[in-house]
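Secondary and tertiary structure notes
One letter stands for each residue in the lines below.
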Amino acid sequence: GQQLNQSPQSMFIQEGEDVSMNCTSSSIFNTWLWYKQDPGEGPVLLIALYKAGELTSNGRLTAQFGITRKDSFLNISASIPSDVGIYFCAGLAREETSGSRLTFGEGTQLTVNP
Amino acid sequence: NAGVTQTPKFQVLKTGQSMTLQCAQDMNHEYMSWYRQDPGMGLRLIHYSVGAGITDQGEVPNGYNVSRSTTEDFPLRLLSAAPSQTSVYFCASSYYPSGYGYTFGSGTRLTVV
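The written sequence of each chain sets the order in which its residues are numbered from 1. Each chain gets a letter, beginning with A, and each ligand a number, beginning with 1, in the order they are written. Only residues with pLDDT of at least 70 are given local features in this predicted model, and only at 80 or more are side-chain atom pairs given and counted; all residues enter the totals for whole chains, interfaces and linings. In computing side-chain values, all of the structure's heavy atoms are included and hydrogens and water are not.

Residues and elements named next belong to chain B. Exposure is judged per residue with a 1.4 Å probe applied to protein chains only, and the accessible area is read against the type maximum: over 50% gives exposed, under 20% gives buried, and values in between give partly exposed. Runs of H or I in DSSP of at least four residues are treated as helices and runs of E of at least two as strands, each being numbered from the N terminus. Only one face of strand β11 (residues 108-112) is buried, namely the one carrying Thr108, Leu110 and Val112, since none of Arg109 and Thr111 on the opposite face is buried. Taken together, the four bridges between strand β2 (residues 10-13) and β11 define a ladder with parallel strand orientation. The residue bridging Val12 from the neighbouring strand is Thr111, located in β11. When DSSP finds at least two bridges between two strands, those strands are taken to pair. Sheet topology note: the strand β9 (residues 87-94)/β11 ladder contains three bridges and is antiparallel. Considered in β11, the bridge of Tyr89 is made with Thr108.

Quick look at the structure:
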């Protein structure tokens, strides 16, 4: 099946620093999504990307859909303590017979020190 | 807005017991799915449904059953619980299988002893 390799697995940063994380795959995806999960909660959608090369921002978050359609990047600028959580990338490929399935990366655990 | 509601939030089972995890959504979403989350492994798809009466297997379906008799509800049944099924389970729904992202429930933390 399809797999997403997300890196880094964890990050420990100081408040105010910028953060970058990425996902790569050997498969092509039609849509890339980035989610954040707070402790004890389900993931919440941050950004959705629908076209290769697309660059989309949501406040301090910026994500890009790779040209090859096999990777995506998420950047967080000027981190704050509430950015703490697990960030997941997810890719969506279209399967002809069984509909589309969302494949998740392993997650990046972000810790922000005040 | 209730969104996606999962019950219970916590459950402890003994090996061999059966139980049903409940999931309900009030957004009239066609697509619903169940994931399990284990440390370092992200979210893995167990079963999914593209509409009432239609279900299909995901990546890790063994030991689980689902049914979709209504648009709103998508219960997950553990037939005979095993310690390997200790995990956090998330239900998710969306209007379409693709492109619009999912709305997740807050999860059920299951421990099998």
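Next comes the rest of the account.
Bringing the sheet that holds strand β7 (residues 61-65) of chain A into the picture now. Residue and element names in this part refer to chain A. Read from one edge of the open sheet, five strands run β1-β3-β8-β7-β6, paired in antiparallel fashion. Edge positions in the sheet fall to β1 (4-7) and β6 (55-58), since each has one partner strand and no second. Pairwise comparison of adjacent strand axes, ignoring direction, gives a mean angle of 15° for this sheet. Where β6 meets β7, four bridges bridge the pair, whose relative direction is antiparallel. Paired with Leu55 across the strands is Gln64, a residue of β7. Whenever a helix is involved, its axis is fitted only over the stretch in contact; in every case the axis is a line through C-alpha atoms, and angles between N-to-C directions fall within 0 to 180 degrees.

This part covers the pattern of salt bridges. One side-chain nitrogen of Lys or Arg within 4 Å of one carboxyl oxygen of Asp or Glu is enough to make a salt bridge. Tallied over the full model, the rule gives four salt bridges over all chains. A salt bridge links Asp38 of chain A to Lys36 of chain A, with the shortest nitrogen-to-oxygen separation between them at 3.2 Å. For Asp38 of chain A, a relative accessible area of 36% gives the class partly exposed. Among the ionic pairs, Arg36 of chain B bridges to Asp38 of chain B, the shortest N-O distance being 2.9 Å. For the pair formed by Arg36 of chain B and Asp38 of chain B, the shared burial category is buried. Through salt bridges that share partners, Arg36, Asp38 and Arg44 of chain B make up one connected network.

Residue and element names in this part refer to chain A. For the purposes of this analysis, a disulfide is any pair of cysteine sulfur atoms at a distance within 2.5 Å. Applying the stated criterion to the full structure yields two disulfides over all chains. The disulfide partner of Cys23 is Cys89, and the S-S distance across this bridge is 1.6 Å. With the S-S dihedral at roughly -80°, the linkage between Cys23 and Cys89 falls on the left-handed side. Of this pair, Cys23 sits in strand β3 (residues 19-25) while Cys89 sits in strand β9 (residues 85-93); the two residues are 66 residues apart in sequence, bridging distant segments of the chain. Across this residue pair, the class does not change: Cys23 and Cys89 are buried.

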